[in-house]
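The residues making up each chain are set out below.
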Amino acid sequence: MTANAASINIHLPDGSIKEFPAGSTAHDVAMSISPRLAAAAVVARIQPITAAPAQPVNHAGPETDGESTAEASMYSAQEANAERLVDLSAPLHEDVSLQLLTEKDADALKVVRHSAAHVMATAVLELYPETKLGHGPATDAGFFYDFYRPTPFTPEDLKAIEARMAEVVARNEPFVREWEPREQSLARFKTSNDFMKAHFVERFTKPGEEISFYRNGPFEDFCRGPHVPATGRVKAFKLLSLAGAYWLGDENNPQLQRLYGTAFFSSKEMEQHFARLEEAQRRDHRVLGKQLDLFSIQELAGAGLIFWHPKGAMVRRIMEDWMRDECLRRGYELVYTPHVARVNLWQISGHEGYYAQNMFTPMELDDADYRMKPMNCPFHVLIYKNTPKSYRDLPVRYAELGNVYRYERSGTMHGLLRVRGFTQDDAHIFCSPGQIEDEVVACIEFAQVVLSTFGFTEFKVELSTWDPKDRKNYAGSDENWALANDSLEKALARKAIPYKTIRGEAAFYGPKIDIKLVDVLGRLWQLSTVQFDFNLPARFELEYVGEDGERHQPVMVHRALFGSVERFFGVLIEQYAGAFPLWLAPVQAGIVPISERHQAYADSIQTTLQNAGLRVEVDHRNEKMGAKIRDYTLQKLPYLLIVGDKEAESASVSLRVRGQGDQGSMPLADFISRALALVDSKSASL
């Protein structure tokens, strides 16, 4: 079907094509399908049909400034050919693919949260008209808005704002997009001393442009949108907290007040959200780490530096031993490398140019400047380069649980999950171009085994590629990047793994596959990664002698499957709420003698169990049995073994199982068999 000059073609997800008059809206399209769909639709996703499909961009990765990208996403003009979300009322003037999003779509939830931010700003200006607006984006958990107001908001003010928001919602004011010449808007903002809006206009728009506003009732805000059709679609919301921040992060600038809130499509969804938050707090690894005496962060030593206590160190040893054994079984060779190196090494590797802001500052020693290593890869390259290699030697796989150090800013650190010193289960594979796909597939399979072994059954995959328009941040030729992307895509296709492509999030030396596990609360955690690297082999002039007798350059795969031991351990704590499976538990059984005369039998059981390979403790304290049981229960031990006269006479134990209570008497030999079978199978059950 070909559209004439006064009509456009709309390509729908079911493959059908409908012709509409130019200027029709997504709401018109929805009404042509079903009035019920039109009522349910929240926003539309369009892609100009003449354009190559745009790859989605993750605007808030670990190496980006989330504040800047949030602002840019709200104010900067979008590429004309890019896939984008639009209001249901937006006129369409070209052929597009169109998808109507309802409350079931995650992107629709972000739109309603952005609209909720406008509802909150409406309420604030109605109650406190002297307030100046900053920006108010949606976030993964809700929304916020920055305000400048000389008088601090109080908890009572937040209640009043929330009540006024309910009135704004009840008014069901349409969100209407309007346009105004840039210079006119800028002059208006400066005249009214809206210094933040003036800044955003100057930063994110160009002279001569028209800029976009959204209006609901008398309220308006400089914004790109999109929004829900009207304020009445913001059905369930709650203000959460208040924080302070300096404008543009400069203490010489005015101090702003940031109001946080969240919004959902229904009260039920919001109640479920807060229930999940309560559960997340119960599972917080920082609280459990202290309660279970697993680790600490010592203020005297510095932020982001982890002290592993004996029980946490035991779990770490089990994790690392499992990983080393599995690496050896899969053909890796174990290596150890230094913690520091001369700056020259980082200059050759490219880290000094591309990654210096994330490295500790140089240390001046007598022979040269040194830096703490942020990663192990250049060290493994030097080991490879130390001896000649033939094609018969490839692939070469080096693995190391190596300590690395990265300069995380003080405000970004979070318990075990983001630290300055950590242990990376790093491996680097040197292979021929023809071997790369098989090696990537093997890394993906290894990552799946890691996740399933430690109890994670669900994961999502992203393929991070480069952005050719941002050439300065990437090393290597276009041909190398094409080869690398193609190899990773083919590996994912072989495993039939669905994935999302994230443009612009590749490492400077090559694309990567990120495997994000989904925990028991449905949260995503970035842990395992597999990266292609053609940069380091070229920079260090690596070689191998091929079958033709000529010298060739290998390619390289980086992979980390725990990601870091610290972060993986933190996620494990939260996954299990500190109640580790038997094979991982630092103490697998606590022995409770009923009275002092039963301590000798308790000690003999301890010896027998330890000789069998189990980790056990005896509570020798002069406390009542109930107190001992309670304390071991609070420590989340898998098993409690109560022993008294009857047990001593029959060589048995009275067994209590975590979460299951009293199981009665059991012969000691039977308990040992049961426990060892669960340890060997790495079962999550007891």
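Presented here is an overview of the structure given in this document. This one's a predicted model, so the numbers in the text were calculated from it and none came from an experiment.

Re the overall build of the chain
Line of reasoning, step 1. For the chain, the count of helices and strands is 21 helices and 32 strands.
Line of reasoning, step 2. The C-alpha extent of the chain, read off along each of the three principal axes, is 90 × 75 × 60 Å.
Line of reasoning, step 3. Evaluated residue by residue, the chain yields a buried proportion of 51% over its 686 residues.
Line of reasoning, step 4. For the chain, the proportion of contacts with a sequence separation of at least 24, taken over those separated by at least 6, is 71%.
Line of reasoning, step 5. With the model as given, the accessible surface of the chain reaches about 31400 Å², and the carbon-plus-sulfur share is 51%.
Line of reasoning, step 6. Taking the average place of the 76 positive charges on the side chains of the chain and the average place of its 92 negative ones, the gap between the two points comes to 3 Å.

Comments concerning the packing of helix H14 (residues 436-453) against helix H15 (residues 478-494)
Line of reasoning, step 1. The geometry of H14 relative to H15 is characterised by a closest axis approach of 9 Å and an angle of 55° between their N-to-C directions. Here H14 is positioned oblique relative to H15, judged by the angle of their axes. Along this stretch, H14 crosses H15, giving a crossing that reads as right-handed. Taking contact as the criterion, the partners of Ile436, Glu437, Asp438, Val440, Val441 and Ile444 in H14 are, on H15, Ser487, Leu488, Lys490, Ala491, Leu492 and Arg494.
Line of reasoning, step 2. For the contact of H14 with H15, the per-class residue count stands at 7 nonpolar, 1 polar and 4 charged.

Here we look at the packing of aromatic side chains
Line of reasoning, step 1. Per the stated rule, a full pass over the model turns up 28 aromatic pairs.
Line of reasoning, step 2. When the centroid spacing of 5.6 Å and the interplanar angle of 70° are considered together, the rings of Tyr128 and Phe153 count as edge-to-face. Within this pair, whereas Tyr128 is found in the loop between helix H4 (106-127) and strand S6 (132-133), its partner Phe153 is found in the loop between strand S7 (143-148) and helix H5 (155-171), the two being separated by 25 residues in sequence.
Line of reasoning, step 3. Ring centres 5.9 Å apart and planes at 80° place the aromatic pair Phe195 and Trp247 in the edge-to-face group. With a gap of 52 residues between them, Phe195 in helix H7 (residues 195-204) and Trp247 in the loop between strand S11 (236-246) and strand S12 (255-264) connect regions that are remote in the sequence.
Line of reasoning, step 4. Aromatic rings pair up to connect Trp322, Phe454, Phe456, Phe562, Phe568 and Trp583 into one cluster.
Line of reasoning, step 5. For Arg258, the ring lying beneath its charged end belongs to Phe144, and the centroid distance is 3.9 Å.
Line of reasoning, step 6. Sitting over the face of the ring of Phe446, Arg330 holds its NZ or CZ atom 4.4 Å from the ring centroid.

Digging into the nonpolar core
Line of reasoning, step 1. Core analysis: the largest hydrophobic core is formed by 92 residues, its most contacted members being Met319, Phe454, Ile513, Phe568, Leu609, Tyr639 and Phe671.
Line of reasoning, step 2. One finds Ala117, Phe143, Tyr145 and Ala263 within the second-largest nonpolar core, a separate group that totals 35 residues.

Looking at the pattern of salt bridges
Line of reasoning, step 1. According to the stated counting rule, one finds 46 salt bridges in the structure shown.
Line of reasoning, step 2. Across the salt bridge formed by Arg215 and Glu178, the nearest N and O atoms sit 3.0 Å from each other. One end of the pair, Arg215, is in strand S9 (residues 210-216); the other, Glu178, is in strand S8 (residues 176-181), and 37 residues separate them in sequence.
Line of reasoning, step 3. You can call Arg215 partly exposed: its relative accessible area is 27%.
Line of reasoning, step 4. The partner of Glu220 in a salt bridge is Arg188, and the shortest N-O contact between them spans 2.5 Å.

Comments concerning unusual backbone geometry
Trans peptide bonds make up the majority, and among non-glycine residues the majority have a negative phi.
Line of reasoning, step 1. Residue Gly225 is joined to Pro226 through a cis peptide bond whose omega torsion reads 0°.
Line of reasoning, step 2. By the element assignment, Pro226 lies in the loop between strand S10 (219-222) and S11.
Line of reasoning, step 3. With omega at 0°, the peptide bond leading from Leu394 into Pro395 counts as cis.
Line of reasoning, step 4. If you check the backbone angles, Asn193 has positive phi at about 60° while not being a glycine.
Line of reasoning, step 5. Of note, Asp293 is a non-glycine position whose phi angle comes to about 60°, a positive value.
Line of reasoning, step 6. Of note, Asp293 is situated in the loop between helix H9 (285-291) and strand S13 (295-297).
Line of reasoning, step 7. Judged by relative accessible area, which is 38%, Asp293 ranks as partly exposed.

Topic: the sheet that holds strand S24 (residues 524-533)
Remark on secondary structure: sheet strands pair via backbone hydrogen bonds, oriented parallel or antiparallel.
Line of reasoning, step 1. Read across the sheet, 8 strands follow the order S15-S19-S20-S27-S24-S23-S21-S22 without closing on themselves; strand pairing throughout is mixed. The open sheet has two free edges, formed respectively by strand S15 (333-334) and strand S22 (500-503), since each of these has just one partner strand.
Line of reasoning, step 2. The sheet contact formed by strand S23 (residues 512-518) and S24 spans 7 bridges and is antiparallel. In the strand pairing of S24, Asp514 is matched with Thr529.
Line of reasoning, step 3. Packed onto the sheet, helix H10 (residues 310-329) meets S15, strand S19 (396-405), strand S20 (421-431) and strand S27 (555-560) and runs at close to 160° relative to S19.
Line of reasoning, step 4. Its contacts with the sheet place H14 against S19, S20, strand S21 (458-465), S23, S24 and S27, and it is angled at close to 5° to S27.

Structural notes on the sheet that holds S8
Line of reasoning, step 1. If you walk across this open sheet you meet the 3 strands as S8-S9-S10, and the pairing is antiparallel. This sheet does not close on itself; its edge strands, each paired only once, are S8 and S10. Between one strand axis and the next, the sheet turns through 35° on average, direction left out of account.
Line of reasoning, step 2. The pairing of S8 with S9 spans 6 bridges and is classified as antiparallel. Bridged to Val176 within S9 is Arg215.

Some points on the pairing of S19
A regular strand carries its side chains on alternate faces of the sheet.
Line of reasoning, step 1. In terms of burial, S19 is largely enclosed, as 9 of its 10 residues are buried.
Line of reasoning, step 2. As judged from the 2 bridges shared by S15 and S19, these two strands associate in the parallel manner. Counterpart to Glu333 in the pairing with S19 is Tyr398.
Line of reasoning, step 3. As defined by bridge partners, S19 adjoins S20 across 10 bridges and the pair is classed as antiparallel. Note that in S20 the partner of Tyr398 across the bridge is His428.

Side note on the environment of Cys327
Line of reasoning, step 1. Positionally, Cys327 belongs in helix H10.
Line of reasoning, step 2. Separated by 70 residues in sequence, Cys327 and Arg397 have C-alpha atoms that sit 9.2 Å apart.
Line of reasoning, step 3. Those residues within four positions of Cys327 in sequence are excluded, and the remaining contacts are Tyr332, Leu334, Ala399, Phe446 and Arg559.

Criteria and cut-off values
Residue numbers restart at each chain and count upward from 1, following the sequence in its written direction. This being a predicted model, a pLDDT of at least 70 is required before a residue's local features are given, and a value of 80 or more before pairs of side-chain atoms are given or counted; all residues contribute to the totals for chains, interfaces and linings. As a convention, hydrogens and water are excluded, and side-chain values are obtained from all of the structure's heavy atoms. Helical segments are the DSSP runs of H or I of at least four residues, strand segments are the runs of E of at least two, and each set is numbered from the N terminus. Three exposure classes are used, based on accessible area relative to the maximum for each residue type with a 1.4 Å probe and protein chains only: buried under 20%, partly exposed in between, and exposed over 50%. Contacts are assigned to residue pairs with any non-hydrogen atoms lying within 4.5 Å of each other. Per-residue accessibility takes into account occlusion by the displayed protein chains alone, with areas from the Shrake-Rupley method and a 1.4 Å probe. Think of it this way: Lys and Arg go in the positive column, Asp and Glu in the negative one, and His and the chain ends go nowhere. By convention, charge coordinates are those of NZ in Lys, CZ in Arg, CG in Asp, or CD in Glu. An axis is simply a line fitted to the C-alpha atoms; with a helix, the fit covers only the stretch in contact. Between two such axes, the angle follows the N-to-C directions and lies from 0 to 180 degrees. Oblique is the label for any angle not covered by the other classes, which are roughly parallel (under 35 degrees), roughly antiparallel (over 145) and roughly perpendicular (65 to 115). Two helices crossing with the near one rotated counterclockwise from the far one by less than a right angle form a left-handed crossing, whereas a clockwise rotation gives a right-handed crossing. The classification used treats Ala, Val, Leu, Ile, Met, Phe, Trp, Tyr, Cys and Pro as nonpolar, Asp, Glu, Lys and Arg as charged, and all other residues, Gly among them, as polar. Within 6.5 Å between ring centres, the rings of Phe, Tyr and Trp (the latter by its six-membered ring) count as paired, and their orientation is classed by plane angle as stacked under 30 degrees, edge-to-face over 60, tilted in between. As a reminder, the over-ring test applies to NZ of lysine and CZ of arginine, requiring each to be within 6 Å of the ring centre and within 35 degrees of the ring normal. We call a set of buried Ala, Val, Leu, Ile, Met, Phe, Trp, Tyr and Cys residues a nonpolar core when their side-chain atoms join them within 4.5 Å. The working definition used for a salt bridge is a side-chain nitrogen of Lys or Arg within 4 Å of a carboxyl oxygen of Asp or Glu. DSSP calls a pair of strands paired once it identifies at least 2 bridges connecting them.

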